[in-house]
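Structural overview for review
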Amino acid sequence: MVCSQCENAYCMQVCPVDAITRSPEGVVRIDAEQCIGCALCIQYCPVNMVHLDPDTKKAVKCELCQGDPACVAACPTGALVFAASPAKEQNPHD
Ligand code: SF4
Ligand code: SF4
């Protein structure tokens, strides 16, 4: 499973300090400065795509590597494809 930058992003909806926002390109991002490490986004992501950084105690998730995802480049069989419009993806649990 990878983060699909869900249109209906539960992680973003539940953050109590609005640390999670969507960029104009559709990428769901976490602002580490605002994150208080409450872990609610971790609980609510249906595909376990948010984690707490053990050093900073802040939430981290896939942010598409600034448009050049390392997972896509590394996949030996081409099973991962970087779609042009991630914001159109639906939360798989909707
Ligand atoms: S897959 Fe999880 S982390 Fe990614 S946008 Fe959806 S709810 Fe957020
Ligand atoms: S861990 Fe951080 S980003 Fe996640 S819900 Fe809590 S404050 Fe928001």
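Residues numbered from 1 in each chain as written. Chains lettered and ligands numbered in written order. Predicted model: local features only at pLDDT ≥ 70, side-chain atom pairs only at ≥ 80, totals over all residues. Heavy atoms only, no water.

**Some remarks on the overall build of the protein chain**
Each helix and strand in the protein chain was counted, giving three helices and four strands. When the helices and strands of the protein chain are placed in sequence order, the string is α-β-β-α-β-β-α. For the protein chain, the proportion of its 94 residues judged to be buried stands at 27%. Once local pairs closer than 6 in sequence are excluded, the contacts in the protein chain between residues at least 24 apart make up 48%. Accessible area of the protein chain: about 6,000 Å², with a carbon and sulfur share of 55%. (Helix = DSSP H or I, 4+ residues; strand = E, 2+ residues; numbered from the N terminus. Buried < 20%, exposed > 50% of the residue type's maximum accessible area, 1.4 Å probe, protein only. Contact = heavy atoms within 4.5 Å. Areas by Shrake-Rupley, 256 points an atom, 1.4 Å probe, with all protein chains shown as cover.)

**Here we look at the site of ligand 1**
Neighbouring residues of ligand 1: 13 residues in total, closest C3, C6, C11, C45 and K61. Across the shell around ligand 1, the residue classes break down as 10 nonpolar, two polar and one charged. (Near = heavy atom within 4 Å. Nonpolar A, V, L, I, M, F, W, Y, C, P; charged D, E, K, R; others polar.)

**Considering the site of ligand 2**
Looking at ligand 2, there are 13 residues lining it, with C15, C35, C38, A39 and C41 nearest. When grouped by side-chain class, the residues that make up the shell around ligand 2 number 12 nonpolar, one polar and no charged.

**Some thoughts on the nonpolar core**
The tendency in soluble globular proteins is for nonpolar side chains to be buried side by side. Core analysis: the largest hydrophobic core is formed by 16 residues, its most contacted members being C11, I20, I30, C41, V50 and A59. Residues within four places of C11 in sequence aside, it is in contact with I20, V28, C41 and V50. (Core = buried A, V, L, I, M, F, W, Y, C linked by side-chain atoms within 4.5 Å.)

**Considering the environment of C62**
As for its placement among the helices and strands, C62 is situated in the loop between β4 (59–61) and α3 (70–74). Take C62: its relative accessible area is 28%, and that puts it in the partly exposed class. Put simply, C62 and V28 are 34 residues apart on the chain and 8.3 Å apart in space, counted from C-alpha to C-alpha. Contact partners of C62, with chain neighbours within four places excluded, come to C3, Q5, V28 and M49.

**Quick look at unusual backbone geometry**
Of note in this structure, Q5 is not a glycine but carries a positive phi near 50 degrees. Secondary-structure assignment places Q5 in the segment before α1 (10–14). Relative accessible area serves as the criterion here: at 1%, Q5 is assigned to the buried category. At A39, a position not held by glycine, the phi torsion is positive, near 75 degrees. Locating A39 in the fold gives a position in the loop between β2 (28–30) and α2 (40–44).

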